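Each chain, written out:
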Amino acid sequence: MKLFKYYVDVVTLIFYDGTFKPLFVCWDHHHYRIDKVLTVRETYSKAGGCGICYTCRIGSQQRNLFWERNRWFLESEVYIPGLEERQKLPGKSDT
């Protein structure tokens, strides 16, 4: 199964010791609450890249959310045409 990599906005709680707890994923003008973080581990993504993988339960689905250097991305089985190009544009706007 091919996985795709999509950069997303994440509302994150950062604790005094520097650890993260992702709370919401913001994608396509929607906010999805992260119900539970199941595991946290350093690993690579099958969609490309590597970082700290947060395996999360979002509603009834389980998703891998990665912290890669200084930004978040999700692995997805769904291909969205043109989304990769829009994410690479510097200074992109949501209008």
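See the structure above.
Definitions and cut-offs
Residues numbered from 1 in each chain as written. Predicted model: local features only at pLDDT ≥ 70, side-chain atom pairs only at ≥ 80, totals over all residues. Heavy atoms only, no water. Helix = DSSP H or I, 4+ residues; strand = E, 2+ residues; numbered from the N terminus. Buried < 20%, exposed > 50% of the residue type's maximum accessible area, 1.4 Å probe, protein only. Patch = residues over 30% accessible without salt bridge, like charges linked within 9 Å, V, L, I, M, F, W, Y side chains within 5 Å. Areas by Shrake-Rupley, 256 points an atom, 1.4 Å probe, with all protein chains shown as cover. Salt bridge = Lys/Arg side-chain N within 4 Å of Asp/Glu carboxyl O. Pairing = 2+ DSSP bridges. Axes fitted to C-alpha atoms, helices over the stretch in contact; angles between N-to-C directions.

Visitor: Hey, could you run me through unusual backbone geometry in this one?
Guide: Phi is positive for Asp 28, close to 50°, though the residue is something other than glycine. Here Asp 28 is to be found in the loop between strand 2 (20–27) and strand 3 (30–33). Residue class for Asp 28 comes out exposed when judged on its relative accessible area of 56%. For Arg 69, which is not glycine, the phi torsion reads 60° and is therefore positive. Position of Arg 69 among the secondary structure elements: in the loop between strand 6 (61–68) and strand 7 (71–76).

Visitor: What should I look at first to understand a nonpolar patch on the surface in this one?
Guide: Side chains of Leu 13, Phe 15 and Tyr 16 sit close together on the surface and give an oily, nonpolar patch of about 380 Å² of accessible area. Topologically, Leu 13 is positioned in strand 1 (residues 4–14). A residue is classified by how much of its surface remains accessible, and Leu 13, at 38% relative accessible area, is partly exposed.

Visitor: What am I meant to see in the sheet that holds strand 7 here?
Guide: Hydrogen bonds between backbone atoms are what pair the strands of a sheet, whose relative direction is either parallel or antiparallel. The sheet built from seven strands is open, its strands ordered 3-2-1-7-6-5-4 with antiparallel pairing. Each edge of the open sheet is held by one strand with a lone partner, namely strand 3 and strand 4 (36–44). Direction aside, neighbouring strands of the sheet carry axes that sit 35° apart on average. As defined by bridge partners, strand 6 adjoins strand 7 across four bridges and the pair is classed as antiparallel. Following the sheet pairing, Leu 65 is matched in strand 7 by Leu 74.

Visitor: Can you help me understand the pairing of strand 2 in this one?
Guide: Within a regular strand, the side chains alternate between the two sheet faces. With six bridges connecting them, strand 1 and strand 2 associate as antiparallel partners. If you follow Val 10 over to strand 2, its bridge partner there is Val 25. The antiparallel hairpin formed by strand 1 and strand 2 contains five residues in its connecting segment, where Gly 18 sits at a positive phi of about 95°. Sheet analysis places strand 2 next to strand 3, joined by four bridges and oriented antiparallel. Paired with Cys 26 across the strands is His 31, a residue of strand 3. Here strand 2 hands over to strand 3 after two residues, with Asp 28 in that stretch at a positive phi of 50°.

The values reported here are purely geometric and, on their own, carry no functional implication.
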